[in-house]
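Below, each chain spelled out in residue letters.
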Amino acid sequence: FVRPKTGFLRCLRDTGGKQVVVPITINYEALPEQSGLATEADGQTRNELCIFQLFKWLKKVYLGQVHLGCIHISAADPIVMQSAQELDVLNLASSIQQLQLSKLVASRFHMEASAMILNTDATTIHKALLSLRCPLWNNDDVYDETSITEYLSRISVTEQWTIFLQFGHIFSTFFRDSHPEWALWLNPCELDTTECSISNESVSFIIQTLAAHFNAAEV
């Protein structure tokens, strides 16, 4: 998630009347442009879009060389928006994002990728997510372990981190005091200030490993 844009909400506010906003969350396992987004995150320049690249990608799709996994779509409870000039649009946008976050789900694909960068196994990730009540996406019936493992072994570490961020927000509160900038990186739209306790060894392991990565990045 990035910091919300508020232009559309401001337009709705200025129209007058009552509006109903339904936060929609689209959960992806992999994106066609994931490598390009990871390149941008590394501070490099993305390749410009062109028709040749599109056909090259479509050829890979036809040959079965593109594995994007599944898509899960869910909706949060609607928000009734009273159009008024005094409406705090930025706060409303943050509330929408928080509801969208609550509908993010983690699949085995996300857990396998996260296990790779945290140097552990998917079972540890799974136990931690269950403990922290992260919604899980049970799509094992369509999970192709061979192709997913092959895909994850080809992508960059940066791409693996982007996959981890599918559920990284649930760990942000543990770093609010010790690593505030990294807590914001994990969850840019965090509103909840409830203190969380470390509930089991799996959660403790992930927090310690993340802290080590954060400390190493700051050296």
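Residues numbered from 1 in each chain as written. Predicted model: local features only at pLDDT ≥ 70, side-chain atom pairs only at ≥ 80, totals over all residues. Heavy atoms only, no water.

Caption draft 1: Inspection of the nonpolar core at higher detail. Of all hydrophobic cores here, the largest spans 26 residues; its most connected members are L129, F164, F171, F175 and L210. Those elements that place two or more of their residues in this core are α5 (108-117), α6 (122-131), α8 (157-164), α9 (180-186) and α10 (201-218). When residues of this core are assigned to their parent elements, the largest contribution, six residues, is made by α10. Those residues in contact with F164 that sit more than four places away from it in its chain are S114, I117, L118, F171, L186 and L210. Ranked by size, the runner-up nonpolar core spans nine residues in total, among them L9, L12, I79 and M81. (Core = buried A, V, L, I, M, F, W, Y, C linked by side-chain atoms within 4.5 Å. Buried < 20%, exposed > 50% of the residue type's maximum accessible area, 1.4 Å probe, protein only. Helix = DSSP H or I, 4+ residues; strand = E, 2+ residues; numbered from the N terminus. Contact = heavy atoms within 4.5 Å.)

Caption draft 2: Focus on the packing of aromatic side chains. Tallied over the full model, the rule gives eight aromatic pairs. Both rings, one in W161 and one in W185, keep their centres 6.1 Å apart while their planes meet at 65°; by these two values the pair is edge-to-face. Note that W161 is positioned in helix α8 and W185 in helix α9, a separation of 24 residues in sequence. Ring centres of F175 and F214 lie 5.1 Å apart, and the angle between their planes is 75°; this geometry places the pair in the edge-to-face category. On the criterion of sequence distance, the pair formed by F175 in the loop between α8 and α9 and F214 in helix α10 is long-range, its members being 39 residues apart. Taking the relative accessible area as the measure of exposure, F214 reaches 2% and is therefore buried. A connected cluster of aromatic rings, assembled from ring pairs, spans W161, F164, F167, F171, F175, W182, W185 and F214. (Phe/Tyr/Trp six-rings, centres within 6.5 Å; stacked < 30°, edge-to-face > 60°.)

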